Amino acid sequence: MTTGEKRDRREQTAGSAPRRLRLPGFVTDEDIGLGDAVKRVTSTLGIRPCGGCERRAAALNRLLVVSGGPSRRQRN
């Protein structure tokens, strides 16, 4: 794959909507981006965020969104 083909592929995926992952056992019902989840974990571990971390979190949020699944009460 040439450099031009790689760039074209990135441009095609850059404008698409993030993939959604539904986890039924997820703690909250609100949507959270993967970047925000990673940011919460690293800050809990005591790792200080930098400018690169913010860009990485934004990129991960554009790729994947995690949401809670329907609760048991809603299914019955």
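Residues numbered from 1 in each chain as written. Predicted model: local features only at pLDDT ≥ 70, side-chain atom pairs only at ≥ 80, totals over all residues. Heavy atoms only, no water.

A.B. asks: Tell me about the confidence of the model for the protein chain, and name the residues and values.
C.D. replies: Residues with a pLDDT of 70 or more make up 63% of the protein chain, whose mean pLDDT is 76. Per-element mean pLDDT across the protein chain ranges from 47 in helix α4 (residues 72–75) up to 91 in helix α3 (residues 51–63). For residues 72–76, every residue scores under 50 in pLDDT, and the model assigns this stretch one contact once sequence neighbours within four places are set aside. (pLDDT = per-residue confidence, 0-100. Helix = DSSP H or I, 4+ residues; strand = E, 2+ residues; numbered from the N terminus. Contact = heavy atoms within 4.5 Å.)

A.B. asks: Which residues make up a nonpolar patch on the surface, and what values go with them?
C.D. replies: Among the surface-exposed residues, Val41, Leu45 and Ile47 lie close enough to one another that they form a single nonpolar patch of about 310 Å² accessible area. Along the chain, leucine 45 turns up in the loop between α2 (34–44) and α3. (Patch = residues over 30% accessible without salt bridge, like charges linked within 9 Å, V, L, I, M, F, W, Y side chains within 5 Å. Areas by Shrake-Rupley, 256 points an atom, 1.4 Å probe, with all protein chains shown as cover. Salt bridge = Lys/Arg side-chain N within 4 Å of Asp/Glu carboxyl O.)

A.B. asks: Which residues make up the environment of alanine 57, and what are the values?
C.D. replies: Inspection of the secondary structure puts alanine 57 in helix α3. What makes alanine 57 buried here is its relative accessible area of 6%. Setting aside its immediate chain neighbours within four residues, alanine 57 contacts Gly35 and Lys39. (Buried < 20%, exposed > 50% of the residue type's maximum accessible area, 1.4 Å probe, protein only.)

A.B. asks: Please set out the pairing of strand β3 (residues 64–68) residue by residue, giving values where relevant.
C.D. replies: Of all the five residues making up β3, four are buried; the element is thus mostly covered by neighbouring parts of the structure. The sheet contact formed by strand β1 (residues 19–23) and β3 spans five bridges and is parallel. Across the sheet, the residue bridging to leucine 23 is glycine 68, located in β3. In this structure, strand β2 (residues 32–33) lies alongside β3, joined through two bridges in antiparallel fashion. What sits directly across from glycine 33, in β3, is valine 65. (Pairing = 2+ DSSP bridges.)

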